[in-house]
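Now for the letters of each chain:
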Amino acid sequence: MDLGNLKVDKVKENKEEFCRLLRSTKRDGVEYVIEDLESLGFFEAPASTRFHLCNKGGLVEHSLNVCKAALELLPIMHRMRPDLKDELREDSVILCSLLHDVNKAEIYKPVVKKRKNAMGVWEDYDTYDVDFSNFPMGHGEKSVIVLLLSGLQLKDSEMLAIRWHMAAWDLAFQSPEAKSNINAARDKYPLCGLIQCADTLAANILEHTDKEEE
C-alpha cells in the first residue's frame with residue numbers, strides 16, 4: 001500500500017468536498033475565493049505547526065471538521081431556539097466554518113528540523129515554521145479582509161463570527177476594548193457562538209491525538 005498516494009488522494013478529496021460545500025451557499029464571490037485560496041496554497045497548508053493537524057492538507061481538513069461540527073449543532077440550536085432560525089442560517093454556518101482560518105494559508109513554511117528518536121539518536125524530520133511577515137494583520141480580522149478582497153459578499157454577522165472565532169484565545173494581550181467588542185458581537189449575533197463552539201470541538205475533540213502516538 002502506497003501511503004504517499006493515499007495522503008495525496010485524501011488532500012484532493014478534502015479539496016473537492018470543501019469546494020462543493022462552499023458552492024452550495026450560492027454566494028456571490030465564491031469562485032473568486034476558491035481561485036485565491038488555490039494560489040495561496042490553502043489546500044496543501046497545515047492547520048498548525050505542532051498542535052492539531054500539523055500535516056499537508058491539515059488546514060482544509062480542519063475547516064471541514066469545523067463545518068461538520070457546526071452543521072451537526074445547527075438543527076439542535078433550531079430545536080432549542082426556534083426563534084433564532086432566521087439568524088442561524090445554513091449558508092452562513094457553512095461560509096464561516098469553512099473560511100474562518102483562511103488567514104493561515106500563507107503563513108506556514110516547510111522546514112527540516114532535528115529531534116531525538118526513541119533510541120536517543122538525532123534525526124531530521126519535516127515540519128513547519130510560521131512567518132507572519134507577508135501580511136501581518138492578525139488572525140480572524142485577516143481572514144475577513146482576505147475574503148472581502150477576494151470579492152466575497154459577507155453579512156455583518158458572518159464577518160464578526162469569523163473575526164472572533166478564536167474567542168478568549170485571541171485576547172490574551174489585547175485591550176479591554178477588544179473584550180468589549182467580542183462580548184458585544186456574541187450578544188448581537190448568535191452565529192458567533194456557534195462558530196466558536198464548532199471550532200473548539202473540531203480542534204480539541206475531533207482532531208485529538210494521543211501525544212505518545214505523534
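Residues numbered from 1 in each chain as written. Predicted model: local features only at pLDDT ≥ 70, side-chain atom pairs only at ≥ 80, totals over all residues. Heavy atoms only, no water.

A. Geometry of the overall build of the protein chain. For the protein chain, the helix and strand inventory stands at eight helices and two strands. The principal-axis extents of the C-alpha atoms in the protein chain amount to approximately 60 × 40 × 35 Å. Every one of the 214 residues in the protein chain was classed for burial, and the buried ones make up 43%. Summed over its atoms, the accessible surface of the protein chain is roughly 12,400 Å², and 54% of this surface lies on carbon and sulfur atoms. (Helix = DSSP H or I, 4+ residues; strand = E, 2+ residues; numbered from the N terminus. Buried < 20%, exposed > 50% of the residue type's maximum accessible area, 1.4 Å probe, protein only. Areas by Shrake-Rupley, 256 points an atom, 1.4 Å probe, with all protein chains shown as cover.)

B. Region of the structure containing the nonpolar core. One finds Phe18, Leu22, Phe42, Leu98 and Leu99 to be the most contacted residues of the largest nonpolar core, which totals 49 residues. Of all elements in the fold, only helix H1 (3-24), helix H2 (30-40), helix H3 (58-80), helix H4 (90-99), helix H5 (140-150), helix H6 (156-163), helix H7 (176-188) and helix H8 (190-206) reach the threshold of two or more residues within this core. Looking at this core, the element that brings in the most residues is H3, giving nine residues. (Core = buried A, V, L, I, M, F, W, Y, C linked by side-chain atoms within 4.5 Å.)

C. A look at the pattern of salt bridges. Evaluation of the coordinates by the stated rule reveals 14 salt bridges. Asp83 is the salt-bridge partner of Arg81, the closest N and O atoms lying 2.7 Å from each other. Looking at Arg81, the relative accessible area reads 42%, which means it is partly exposed. The exposure class of Asp83 is exposed, given its relative accessible area of 52%. One salt-bridge network, held together by shared partners, links Arg27, Arg89, Asp91 and Glu158. (Salt bridge = Lys/Arg side-chain N within 4 Å of Asp/Glu carboxyl O.)

D. Highlighting the packing of H7 against H8. Packing of H7 against H8 leaves a shortest axis separation of 4 Å and a crossing angle of 105 degrees. Classed by the angle they form, the pair H7 and H8 counts as roughly perpendicular. Contacts between H7 and H8 pair Ile182, Ala185, Arg186 and Lys188 from the former with Pro190, Cys192 and Gln196 from the latter. (Axes fitted to C-alpha atoms, helices over the stretch in contact; angles between N-to-C directions. Parallel < 35°, antiparallel > 145°, perpendicular 65-115°, else oblique. Contact = heavy atoms within 4.5 Å.)

E. Highlighting H4. Judged by how many residues are buried, H4 sits mostly within the fold: nine of ten residues are covered. Those residues of H4 not exposed but buried are Asp91, Ser92, Val93, Ile94, Leu95, Cys96, Ser97, Leu98 and Leu99.

F. Region of the structure containing the side chain of Arg27. Its place among the elements puts Arg27 in the loop between H1 and H2. When its relative accessible area of 14% is taken as the criterion, Arg27 is described as buried. A polar contact is formed between the side chain of Arg27 and the side chain of Glu158, at a distance of 2.9 Å. When neighbours within four sequence positions are excluded, Arg27 is seen to be in contact with Asp91, Ser92, Leu95, Leu152, Gln153, Leu154, Lys155 and Glu158. (Polar contact = N/O pair within 3.5 Å; in protein donor to acceptor, adjacent residues only side chain to side chain.)

G. View of the state of the cysteines. Summed over the entire model, instances satisfying the criterion amount to zero disulfides. Take Cys67: it sits in no disulfide, and the sulfur closest to it among the cysteines is that of Cys96, at 10 Å. You can call Cys67 buried: its relative accessible area is 0%. The cysteine Cys192 is free of any disulfide, with Cys96 supplying the nearest cysteine sulfur at 8.1 Å. Look at Cys192 and you get buried, because its relative accessible area is 0%. (Disulfide = S-S within 2.5 Å.)

H. Up close: the pairing of strand E2 (residues 122-130). When strand E1 (residues 108-116) meets E2, the two strands line up antiparallel, connected through nine bridges. Bridge pairing in E2 links Val112 to Asp126. Hairpin geometry of E1 and E2 is characterised by an intervening segment of five residues between the two adjacent antiparallel strands and by a positive phi of about 80 degrees at Gly120. (Pairing = 2+ DSSP bridges.)

I. Structural context of the environment of Phe43. You can see Phe43 is positioned in the loop between H2 and H3. Distance in space between the C-alpha atoms of Phe43 and Gly57 is 5.6 Å, their sequence separation being 14 residues. Discounting chain neighbours no more than four positions away, the residues touching Phe43 are Val11, Lys15, Phe18, Cys19, Ile34, Leu37, Glu38, Gly57 and Val60.

J. Spotlight on the packing of aromatic side chains. Throughout the structure, instances matching the rule amount to three aromatic pairs. Measuring from centroid to centroid gives 5.5 Å for Phe18 and Phe43, while their planes differ by 85 degrees, and the two rings are edge-to-face. Placement of Phe18 in helix H1 and of Phe43 in the loop between H2 and H3 is noted, with a sequence separation of 25 residues between them. The buried category is assigned to Phe18, whose relative accessible area is 0%. Taking 5.3 Å as the distance between ring centres and 90 degrees as the angle between the ring planes, the aromatic pair formed by Phe42 and Phe43 counts as edge-to-face. The residues Phe42 and Phe43 share a single accessibility class, namely buried. These aromatic residues form a ring-pair network of at least three members: Phe18, Phe42 and Phe43. Positioned over the ring face of Trp164 is Arg163, at 3.8 Å from the centre of the ring. (Phe/Tyr/Trp six-rings, centres within 6.5 Å; stacked < 30°, edge-to-face > 60°. Lys NZ or Arg CZ within 6 Å of the ring centre and 35° of its normal.)

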